[in-house]
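# Per-entry structural report
The residues making up each chain are set out below.
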Amino acid sequence: MFSSSIFEGNLYHLSEKEPQRAPIGVFDSGVGGLTVLRQVYEQLPNESIIYFGDTARLPYGIRSQEEIIQFTREIIFWMESQGVKMVIMACSTSSALALQTVRSEFKVPILGLILPGAVSAVKAGKRIGVIATPATAKSNAYKLAIQEINSNAQVWQVGCPEFVPLIEQNRIDDPYTKEVALSYLEPLLEKDIDTLVYGCTHYPHLATLLRSLLGESVKLVDPGKSVVEACNQELELLGLKNTFPPVPTRFAVSGSSQQFAQSSVQWLGCTPMVESVNLEHLNSNHFRLC
Ligand SMILES: N[C@@H](CCC(=O)O)C(=O)O
């Protein structure tokens, strides 16, 4: 039953009595992962979730690969200690720059956004634009994954350094955000793209604005939706789907819990209880030994 899992050779040996009841860990640098959480609520309503936002260290998109790998390790190490049965990297930057490295370092299955997003992009079109953080765009992760699936697909990527800070500051309706969005989309519109991939989980928060600038003909691909579909399949394959009533989502951040509670209320529709978690004590020593 396990043999067709993509985690073959890296199986999570669950020792608890009812592993299905364990939560799924979902993480991002900030509120971006809430767009993935929304998909989890829609597609996997029975699952319990631990959401972590690394708000003390965002934005990730201008960090080095070494930093992103280290932050990702610390978060997954913490999530494992909280007993998660699976981790969804709800962050394209971590998925692009850290997934390959950390997947072999942990027992817990870890899902990233790039491959599921690329599969959906290839189904949607052939002239594909990707908007992403500078680190993700520079990594070429989406472009390589898309062209590996369809070598005829044409892919143009644009790094969008201003989007994450604007979204985290809740400046979505600010005219300046529209100006910035137009400058990022213009080169893609000139290429006559038929599909646009949200190469960062923060960007679906700009869906209304982006749709108004793109017109109706360009298809929007949300890798967050695709990774949750993949998660559903993995849970099924591993016999880990929760059949019990879920517990309320636990929210944790590395920065100010109050600030996160305030900024996430508009996306969640309620004010969450948010814990502050200090990942510093998990620092390098443990990982140097790995
Ligand atoms: N949500 C982001 C992280 C962006 C950032 O912190 O720069 C991503 O998907 O890449």
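Residues numbered from 1 in each chain as written. Predicted model: local features only at pLDDT ≥ 70, side-chain atom pairs only at ≥ 80, totals over all residues. Heavy atoms only, no water.

As named in an unreviewed UniProt entry, the protein chain is Glutamate racemase, taken from Calothrix parasitica NIES-267. Word for word, the UniProt comment on the protein chain under Pathway (unreviewed entry) is "Cell wall biogenesis; peptidoglycan biosynthesis." For the protein chain, the Catalytic activity (unreviewed entry) comment in UniProt is given as "L-glutamate = D-glutamate". (UniProt positions renumbered as here; feature names shortened; annotations may be inferred.)

## Some thoughts on the packing of aromatic side chains
Enumeration according to the criterion identifies 7 aromatic pairs in this entry. Judged by centre distance (4.9 Å) and plane angle (85°), the ring pair of F163 and Y184 falls under edge-to-face. With F163 in helix α8 (residues 163-168) and Y184 in helix α9 (residues 175-190), the pair connects residues that are 21 residues apart, well separated along the chain. According to the relative accessible area criterion, F163 is buried, its value standing at 1%. The lysine or arginine in question, R21, covers the ring of F244, its NZ or CZ lying 3.9 Å from the ring centre. Over the ring of F71 we find R57, and its NZ or CZ is 3.9 Å from the ring centre. (Phe/Tyr/Trp six-rings, centres within 6.5 Å; stacked < 30°, edge-to-face > 60°. Helix = DSSP H or I, 4+ residues; strand = E, 2+ residues; numbered from the N terminus. Buried < 20%, exposed > 50% of the residue type's maximum accessible area, 1.4 Å probe, protein only. Lys NZ or Arg CZ within 6 Å of the ring centre and 35° of its normal.)

## Details of the sheet that holds strand β4 (residues 110-111)
Taken in spatial order, the 6 strands of this open sheet run β4-β3-β1-β2-β9-β10, and their pairing is parallel. Looking at the sheet topology across the chains shown, the edges are occupied by β4 and β10 (274-276). Pairing between strand β2 (residues 49-53) and strand β9 (residues 250-253): 4 bridges, direction parallel. Residue pairing across strands places F52 opposite A252, the latter belonging to β9. Sheet strands in contact with helix α1 (residues 34-43) are β2, β3 (86-89) and β9, and its direction is about 170° off that of β2. Across the face of the sheet, helix α12 (residues 257-268) comes into contact with β2, β9 and β10 while running at roughly 150° to β10. (Pairing = 2+ DSSP bridges. Contact = heavy atoms within 4.5 Å. Axes fitted to C-alpha atoms, helices over the stretch in contact; angles between N-to-C directions.)

## Some points on the site of the ligand
Contacts to the ligand come from 13 residues, most closely from D28, S29, Y60, S92 and T93. Interatomic distance of 2.7 Å between a side-chain N/O atom of D28 and a nitrogen atom of the ligand. Here S29 contributes a side-chain N or O atom positioned 2.6 Å from an oxygen atom of the ligand. Relative to its free-state accessible area of 300 Å², the ligand is covered by the protein chains to the extent of 99%. Considered class by class, the residues forming the shell around the ligand number 5 nonpolar, 7 polar and 1 charged. (Near = heavy atom within 4 Å. Polar contact = N/O pair within 3.5 Å; in protein donor to acceptor, adjacent residues only side chain to side chain. Areas by Shrake-Rupley, 256 points an atom, 1.4 Å probe, with all protein chains shown as cover. Nonpolar A, V, L, I, M, F, W, Y, C, P; charged D, E, K, R; others polar.)

## Comments concerning the packing of α9 against helix α10 (residues 207-214)
Relative to each other, α9 and α10 sit at 50°, their axes nearing to 10 Å. In this view, α9 runs oblique relative to α10, as classed from their interaxial angle. With respect to the hand of their crossing, α9 and α10 are arranged in right-handed fashion. On α10, the residues touching T177, K178, A181, L182, L185 and L189 of α9 are L209, L210, L213 and L214. (Parallel < 35°, antiparallel > 145°, perpendicular 65-115°, else oblique. Left-handed = near helix turned anticlockwise from the far one by under 90°.)

## Notes on α12
Buried within α12 are the following residues: F260, A261, S263 and S264. At its buried positions, α12 is contacted by α1, β2, β9 and β10. Measuring from the side-chain oxygen of the N-cap residue of α12 to the backbone nitrogen of Q258 gives 3.4 Å; that N-cap residue is S256. Two residues or fewer after α12 comes G269, characterised by a positive phi angle close to 80°.

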